[in-house]
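If you want the building blocks of each chain, they are given just below.
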Amino acid sequence: MQYAIETSAITKNFDEITAVNKISITVKPGELFGLLGPNGAGKTTLINMLSTMIEPSGGSAFVWGHNIVKEADYVRQNIGVVFQDTTLDDRLTGRENLDLHGRLYGLDGKTRKDRIKEVLSLVELTERADAIVKTYSGGMMRRLEIARGLMHHPHVLFLDEPTLGLDPQTRLHIWDYIKLLNKEEGVTIMLTTHYMEEADKLCDRIAIIDHGEIVALDTPQVLKNMLGGDVITLELEKPGDIEKLCGTYQKNGCANFVSKKENEVFITVKNGEREIPHVLALASGAGIPITSVSLRKPTLDDVFIHYTGRAIRDKEVSEMEEVGYKMRSRRK
Amino acid sequence: MGNTSFNRAIQTVYTMWLREMIRFSRSKSRIIGALATPLFFLVILGAGFSSSFQVKGGGSFDKGFLAPGLIGMSVLFASLMGGVSIIWDREFGFLKEILIAPVSRFFVSLGKAMGGVTTAMIQGILIMIIAWIIGVRYVSIWGVLLAIMVMFISGIGFIGLGIAIASKIESHEGFQMVMSFLTMPLVLLSGAFFPISNLPGWLKTLVYLNPLTYGVEALRWCLLGNSTIPISISIIVLVLFSIAMTALGGKLFGKMRV
């Protein structure tokens, strides 16, 4: 088996909506792979298919060497899933939840007892193990779910928005567990998130997914480097000037990428320090007042904005000028 | 393979049963609530009816007559509730945990049914005991044991029905509707509260189409020694009903989407 997860042109249609459109990805054993995308991009649908919750409309996929449709039971035996919403029985104690899970996965009494001890200490819930889940905080419930997902020693763990709705401190905590699992238990992990920082800090590779398609796939570092250079952020006095300013920079071809958000314009350039005067001169030449300027290294945010449709590819502009200036806006 | 998959099936059923038992043991107020309603009926209606009516042909019409009907009613409530509780499992997410496990859905629903029927039988037996304490006399110990079997068979049937309904209902709002549109007619049209020997034609048809009628009649035969419908017919109808509902519930649950 070469890949922990392998999909080829996997597709899911709901009535007229294509939630996942011919996605082909491979994830190596031991990898920590992230699906990054806005809400409704198709991340959860993809995970639901890979975890055998729903059947694909087209294409195929293998998880830990097993076909997700024809060998669903083998896939299930080899995966752990932590869904976006809680799936614990809140009338039961933490330990009972783990025990029932172990039973459903066919673990014998001794194995269950030992494993419960292990996973509880991993997520630091040993002391609260015999409390009813209803009394747990959101972070504790999520930790218990991660522990439960690990009970049966899965080879592949799917985490759907593992830190959604948690406070920043708990989020950092959960990140530590995820990293630990990946490094020490060698579990292949596929997680979905719409937090840039989460994807950046955790993942070996990231697939940026939008409208059911993969728009970029690489390590966080390569994705950021792809933008080339530094990001200059210009804050405008009048938001109405945004289109005009973007147009000015496009025409002059001084930047690799130009993108915008509310009343800010982001320009990606090489040697940012040297370019600032030039950029400002162009703005004042066009008669557009600027209130502030800052310079920074590109973040995954920039990559994301670039790929999910609020950005303009500078390279394509020359070709596009003939057919008219076109925004690559794919938002509904 | 054959042996291990058999063991896995047993373990799945046991796991689901165990969960229902743990939950049941934690909901003491629910148990008391479930016992209170039939108890009020038994004491108040029993006293009221016996002072006002007499059954045609001379049989007494009192708490003794009502007891099997109320046992049947509480078995119906408890088992329908047990089946329909899948809606709650879906609402609170636990259903996903079950459906993602490498186990057969049929045995999951069977385990759920076993759990539900156990709680239904516990409630039925408690009412049987309470009725005895307040003076209802049963014909024999064998009758009592047979009555427990009848509770089991009819409980399985109604749980199957509950699971089938739950698999089709989208939200828990629908649950309220089902409970009022299903349970009240089933109880009222079952002969739990009146003798079915002399009913007008339209009512008789409805009563004889109601599976609960056969449960109540069978309980009456077991506990009191007489019934309008022969015991063999009641048992056959109940067994067929249970098999049909288990198959239907298992099938619809297998197709259920989360």
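Model, not experiment: these values are computed from the prediction. (Residues numbered from 1 in each chain as written. Chains lettered and ligands numbered in written order. Predicted model: local features only at pLDDT ≥ 70, side-chain atom pairs only at ≥ 80, totals over all residues.)

**With respect to the overall build of chain A**
1) Next: When its secondary structure is counted, chain A shows 12 helices and 16 strands.
2) Next: C-alpha extents for chain A along the principal axes are approximately 75 × 40 × 35 Å.
3) Next: Scored against the burial criterion, the 332 residues of chain A give a buried share of 45%.
4) Next: Across chain A, the fraction of contacts at a sequence separation of at least 24, relative to all contacts at a separation of at least 6, is 69%. (Helix = DSSP H or I, 4+ residues; strand = E, 2+ residues; numbered from the N terminus. Buried ≥ 20, exposed ≤ 12 C-beta atoms within 10 Å, placed from the backbone. Contact = placed C-beta atoms within 7 Å.)

**What to know about the overall build of chain B**
1) Next: Of the regular secondary structure elements, chain B holds 11 helices and zero strands.
2) Next: Written out in order from the N terminus, the α and β elements of chain B read α-α-α-α-α-α-α-α-α-α-α.
3) Next: Scaling as 2.2 N^0.38, a compact globule of 258 residues should have a C-alpha radius of gyration of about 18 Å, and chain B matches this with 19 Å.
4) Next: In terms of its C-alpha atoms, chain B occupies a principal-axis envelope of roughly 60 × 35 × 35 Å.
5) Next: Taken across its 258 residues, chain B has 46% of its residues classed as buried. (Rg over C-alpha atoms; globule rule 2.2 N^0.38 Å.)

**Considering the domain arrangement of chain A**
A common way to express how large an interface is: the accessible area buried when the components associate.
All names here are of chain A.
1) Next: If you check the domain split of chain A, you get domain 1 (5–219) and domain 2 (227–323).
2) Next: Placing the centre of domain 1 and that of domain 2 at their C-alpha centroids yields a distance of 38 Å.
3) Next: The interface of domain 1 with domain 2 comprises nine residues on the first partner and seven residues on the second.
4) Next: Listing elements by their share of the side of domain 1 that touches domain 2, those giving two or more residues are α7 (196–202), β10 (205–210) and β11 (213–218).
5) Next: In terms of residue class, the side of domain 1 that touches domain 2 is built from seven nonpolar, no polar and two charged. (Domains from an automatic or database assignment. Nonpolar A, V, L, I, M, F, W, Y, C, P; charged D, E, K, R; others polar.)

**Focus on helix α3 (residues 94–104) of chain A**
1) Next: Within α3 of chain A, 11 of the 11 residues are buried, leaving the element largely enclosed by the surrounding structure.
2) Next: Of the residues flanking the end of α3 of chain A, it is glycine 106 of chain A, one or two places downstream, whose phi is positive at about 75 degrees.

**Description of the environment of histidine 173 of chain A**
Residues and elements named next belong to chain A.
1) Next: Along the chain, histidine 173 falls in helix α6 (residues 168–185).
2) Next: Look at histidine 173 and you get partly exposed, because 18 C-beta atoms sit within 10 Å.
3) Next: Taking the C-alpha atoms as reference, histidine 173 lies 21 Å from leucine 300; in sequence the two are 127 residues apart.

**What about the interface of chain B and chain A?**
1) Next: Counting from both sides, the interface comprises 18 residues of chain B and, opposite them, 21 residues of chain A.
2) Next: Counting residues per element, the ones that place at least two in the side of chain B that touches chain A are α1 (2–26) and α5 (94–99) of chain B.
3) Next: It is α1 of chain B that contributes the most residues to the side of chain B that touches chain A, eight residues altogether.
4) Next: Class assignment for the residues of the side of chain B that touches chain A results in eight nonpolar, four polar and six charged.

**Thoughts on the sheet that holds β11 of chain A**
Hydrogen bonds between backbone atoms are what pair the strands of a sheet, whose relative direction is either parallel or antiparallel.
Residue and element names in this part refer to chain A.
1) Next: An order of β7-β8-β9-β4-β10-β11 is seen for the six strands of this open sheet, with the pairing classed as mixed. The sheet is open, and its two borders are formed by β7 (79–82) and β11, each paired with just one other strand. Here the average twist between neighbouring strands, direction ignored, is 15 degrees.
2) Next: Pairing between strand β4 (residues 32–36) and strand β9 (residues 188–193): five bridges, direction parallel. Within β9, the position partnered with leucine 36 by the bridge is threonine 193.
3) Next: Helix α5 (residues 138–150) rests against β7 and β8 (156–160) of the sheet, and its axis sits at about 165 degrees to β7.
4) Next: Packed onto the sheet, helix α11 (residues 300–307) meets β4, β10 and β11 and runs at close to 35 degrees relative to β10. (Pairing = 2+ DSSP bridges. Axes fitted to C-alpha atoms, helices over the stretch in contact; angles between N-to-C directions.)

**Overview of the packing of helix α7 (residues 141–168) of chain B against helix α11 (residues 231–255) of chain B**
All names here are of chain B.
1) Next: Between α7 and α11, the least distance of the axes is 7 Å, while the angle of their chain directions is 30 degrees. By the criterion of interaxial angle, the relationship of α7 to α11 is roughly parallel. Viewed along their axes, α7 and α11 form a crossing whose handedness is left-handed. Residues Val150, Ile153, Ser154, Ile156, Gly157, Gly160, Leu161, Ile163, Ala164, Ser167 and Lys168 of α7 form the contact with α11, whose own contacting residues are Leu238, Val239, Phe241, Ser242, Met245, Thr246, Leu248, Gly249, Leu252 and Phe253.
2) Next: Grouping the constituent residues of the contact of α7 with α11 by class yields 13 nonpolar, seven polar and one charged. (Parallel < 35°, antiparallel > 145°, perpendicular 65-115°, else oblique. Left-handed = near helix turned anticlockwise from the far one by under 90°.)

**A few points about the nonpolar core**
All names here are of chain A.
1) Next: In this structure, Val63, Phe158, Ile189 and Met190 are the most contacted members of the largest nonpolar core, which totals 141 residues.
2) Next: Of the residues that make up this core, three or more belong to each of domain 1 (5–219) and domain 2 (227–323).
3) Next: The residues touching methionine 190, leaving out its near neighbours within four places in the chain, are Ile5, Val27, Phe33, Leu35, Ile47, Val156 and Phe158.
4) Next: By size, the runner-up hydrophobic cluster in this structure holds 14 residues, among which are Leu234, Tyr249, Phe266 and Val279. (Core = buried A, V, L, I, M, F, W, Y, C linked by C-beta atoms within 7 Å.)

**Considerations on helix α4 (residues 109–122) of chain A**
Residue and element names in this part refer to chain A.
1) Next: With 14 residues, α4 extends 20 Å between its outermost C-alpha atoms, agreeing within 8% with the 20 Å of an ideal straight helix rising 1.5 Å per residue.
2) Next: The complete set of buried residues in α4 reads Arg112, Arg115, Ile116, Val119 and Leu120. Axial view of α4: buried residues confined to an arc of 130 degrees, hence all on one face. For α4, the exposed residues lying more than 90 degrees away from the buried face are Lys110, Asp114 and Ser121.
3) Next: Those residues of α4 that are buried lie in contact with α3 and α5. (Expected span 1.5 Å × (residues − 1). Arc of directions from axis to C-beta.)

**Overview of the pairing of β7 of chain A**
Residue and element names in this part refer to chain A.
1) Next: In β7, alternate side chains face the same way, and those of Ile79 and Val81 on one face and Gly80 and Val82 on the other are all buried.
2) Next: Judged from the four bridges that link them, β7 and β8 form a sheet pairing that is parallel. Bridge pairing in β8 places isoleucine 79 opposite valine 156.

**Points about the confidence of the model for chain B**
1) Next: On average, residues of chain B carry a pLDDT of 87, and 94% of them reach 70 or more.
2) Next: If you check the scores for this complex, the pTM reads 0.81 and the ipTM reads 0.85. (pLDDT = per-residue confidence, 0-100.)

**Quick word on the confidence of the model for chain A**
1) Next: In this model, chain A carries a mean pLDDT of 84, and residues with pLDDT of at least 70 account for 91%.
2) Next: Contacts from residues 310–332 of chain A, a stretch scored under 50 in pLDDT, to residues over four places away or in other chains number 33 contacts.

**Comments concerning the environment of methionine 196 of chain A**
Residues and elements named next belong to chain A.
1) Next: Within the fold, methionine 196 resides in helix α7.
2) Next: Note: C-alpha distance between methionine 196 and aspartate 302 (106 residues apart in sequence) is 9.8 Å.
3) Next: Residues within four places of methionine 196 in sequence aside, it is in contact with Thr299, Leu300, Asp301 and Phe304.

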